[in-house]
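Observations on the model geometry
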Amino acid sequence: MFQVRDLPDDLDAVRDAHAPAAIVVDAASDFKTVPSAQAEDLGLIVDALDPYTAPADWLPNDAPTVLRRYAGSDFTIGLPGDGSVAWTHQTEPPVVIVKPRVQGSPEDFVDFLIAEALVEVGLGVPEGFLGFYGEQYRDLDAAVDLGPNGTYQVAAALYDGWLGLQTREIFAEWLDTQPRLGEAWQDAGERIEGRLSGLPGAMAHGDTDFADATELACSSIKHALELPAPYTALDTDVYRDRGAEYAVAWAEKTFEQR
């Protein structure tokens, strides 16, 4: 199911700088969460497998099945919303997985997504948002009045935004050090800038719901774009430093004011 991917020189340089042990592979089929049987195929190209588990009491009773399965004892990789490139620390060494859905996308953009994943691997952060929130996921669920799926989407978006606060300075440096990747990062930001500027109007007219708006705003953080309210409070050093605690406090305040 997985085949080691050849990397161009600038991607190799990013890997050497941030995650020198990581292996980049192509997946044979698209996935949201890789089932255990297929995930174990990674054992053919890595030294060891270390499946992730989380305490059951981190999750509210109505948590989506896919999140409950991810937290359980089965060896699963990836969650819905991970995008076209996923990565895991559940292997030794870590693995970056490129999904077939990238076919047809510009090569430079795909390579940027791989580079982004390598940087995130090097940060040593949780590979999924559940590890970011831990037992505070229940607090987020209590604050976000959108049902289990809406809470899931907001939780994943807020985690993506937190990661963006840590990676965007690295991406900006690539404009000088790895210009092909830096320009791909810049171009991706320019493509979503118009949607972001129109977000307040779309929300006011009901054209975009809160979960989708949060996903767009938080994905813009890594591109250093100007965010509209109430998302400006997420583009701060205090969020980067306080992490999940701040995300929950932001959600509580935001939903109290809606």
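The sections below set out a description of the structure shown in this document. Keep in mind that this is a model prediction, so the values were computed, not measured.

For Thr-254, the position within the fold is in helix H12 (residues 244–257). Those residues in contact with Thr-254 that lie beyond four places of it in its chain are Phe-210 and Pro-230.

What follows concerns the pattern of salt bridges. Between side chains of opposite charge, pairing is possible as soon as their charged atoms come close. A full pass over the atoms with the stated rule returns 11 salt bridges. One salt bridge in this structure joins Arg-15 and Asp-12, with 2.6 Å as the shortest N-O distance. With a gap of three residues between them, Arg-15 and Asp-12 both fall in helix H1 (residues 9–18), about one helical turn apart. What makes Asp-12 partly exposed here is its relative accessible area of 24%. In this structure, Asp-241 engages Arg-240 in a salt bridge whose closest nitrogen and oxygen atoms are separated by 3.6 Å. Connected via shared salt-bridge partners are Asp-10, Asp-108, Asp-111 and Arg-180.

The subject of this paragraph is the side chain of His-223. Note that His-223 resides in the loop between helix H10 (210–221) and helix H11 (237–242). In this structure His-223 comes out as buried when scored by relative accessible area, which is 9%. Among the polar contacts made by the side chain of His-223, one reaches the main-chain carbonyl oxygen of Trp-185 at a distance of 3.1 Å. Setting aside residues no more than four positions away along its own chain, His-223 makes contact with Trp-185, Ala-188, Gly-189 and Ile-192.

Parameters at a glance
- Note on numbering: residues in each chain are counted from 1, in written sequence order.
- Note on the predicted model: pLDDT of at least 70 is required for a residue's local features to be given, and 80 or more for side-chain atom pairs to be given and counted; whole-chain, interface and lining totals, by contrast, use all residues.
- Side-chain measures here rest on the full set of heavy atoms in the structure, leaving out hydrogens and waters.
- Each helix is a run of H or I in the DSSP string that is no shorter than four residues. Each strand is a run of E no shorter than two, and both are numbered from the N terminus.
- It only takes one pair of heavy atoms within 4.5 Å for two residues to be counted as in contact.
- Here a salt bridge means any side-chain nitrogen of Lys or Arg lying within 4 Å of a carboxyl oxygen belonging to Asp or Glu.
- The buried label applies to any residue whose accessible area, calculated with a 1.4 Å probe on protein chains only, is under 20% of its type's maximum; exposed applies above 50%, and partly exposed to all values in between.
- Here a polar contact means two N or O atoms within 3.5 Å. Within protein one must be a hydrogen donor candidate and the other an acceptor candidate, and residues neighboring in sequence count only if both atoms are side-chain atoms.

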